[in-house]
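Summary of the model geometry
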Amino acid sequence: MALASLEPLRPPRSGRVRSARIELADGARTMVHVARYDVETTELRVAVLRGQARLEDWCAARGHEEALVGGFFVRPDGLPLGEVRTRGVARRHVPFDAPWDAVRACVHVRGGSASIARRGEIEAAPPGDLLQAGPLLVHDGSAVFSRAEDAEGFSAGESQFDSDITDGRYPRAALKPLPP
């Protein structure tokens, strides 16, 4: 993503989130929210919200200050679209269509540490938590997503979504694991 300008981050209203409105190279403006956590005192895990529960309500009921939405779901029942595992156990989900099921990116959390990789690069039944979503946007500090290449099949496999999620701008969530 090319940035044309960045307004200074303003102090968070609560928690550790900071926000900035940025102008993109094409003149469009967007809001970026950044949360930073101490890896020694923060538990990172995948949780499945049943149905289509609102994240804000789920967090309030459990005393969590913040959480990050990840993944997709199938309408109307709200089952996760893409593989989901918690504590090493596969949870009910609708798999991505082949061949995209093997290449769509995942967040894998093991022992509190997160890694991000394509599904085929992670063991078949990994311990810990796994959330398959994608697309992989950045790898080793460089942008790797290309709508034209469609490496994870989001355009080619758009029939599993409400629309082609790579056509236009949509909210995105990102996680940057720190090196071990």
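Now for a description of the structure that goes with this document. (Residues numbered from 1 in each chain as written. Predicted model: local features only at pLDDT ≥ 70, side-chain atom pairs only at ≥ 80, totals over all residues. Heavy atoms only, no water.)

**Some details on the overall build of the chain**
Each helix and strand in the chain was counted, giving 1 helix and 12 strands. Every one of the 180 residues in the chain was classed for burial, and the buried ones make up 25%. Sequence separation of 24 or more characterises 43% of the internal contacts of the chain that already satisfy a separation of 6 or more. When the accessible surface of the chain is totalled, it reaches about 12100 Å², and 52% of it is carbon and sulfur. (Helix = DSSP H or I, 4+ residues; strand = E, 2+ residues; numbered from the N terminus. Buried < 20%, exposed > 50% of the residue type's maximum accessible area, 1.4 Å probe, protein only. Contact = heavy atoms within 4.5 Å. Areas by Shrake-Rupley, 256 points an atom, 1.4 Å probe, with all protein chains shown as cover.)

**A look at the side chain of H108**
In this fold, H108 is placed in strand β8 (residues 105-110). When its relative accessible area of 7% is taken as the criterion, H108 is described as buried. Within polar-contact distance, the side chain of H108 engages the backbone oxygen of P127 at 2.7 Å. Sequence-distant contacts of H108, that is, excluding residues within four places in its chain, are made with S113, A114, S115, I122, P126, P127, D129 and L130. (Polar contact = N/O pair within 3.5 Å; in protein donor to acceptor, adjacent residues only side chain to side chain.)

**Focus: the sheet that holds β8**
Sheet architecture is open: 5 strands sit in the order β7-β6-β10-β8-β9, paired in antiparallel fashion. Of all the strands in the sheet, the pair left with one neighbour each is β7 (89-90) and β9 (113-118). The pairing of β8 with strand β10 (residues 129-132) spans 4 bridges and is antiparallel. Paired with V109 across the bridge in β10 is D129. (Pairing = 2+ DSSP bridges.)

**What about unusual backbone geometry?**
Residue P76 is reached from R75 by a cis peptide bond, and omega for that bond is 5°. The omega torsion across A98 and P99 is 0°, close enough to zero to call that bond cis. For R87, which is not a glycine, the phi torsion comes out positive at approximately 50°. By the secondary structure assignment, R87 is in the loop between β6 (84-86) and β7. Look at R87 and you get exposed, because its relative accessible area is 67%. Unusually for a residue other than glycine, D150 sits at a positive phi of about 50°. The topology assignment puts D150 in the segment after β12 (142-143).

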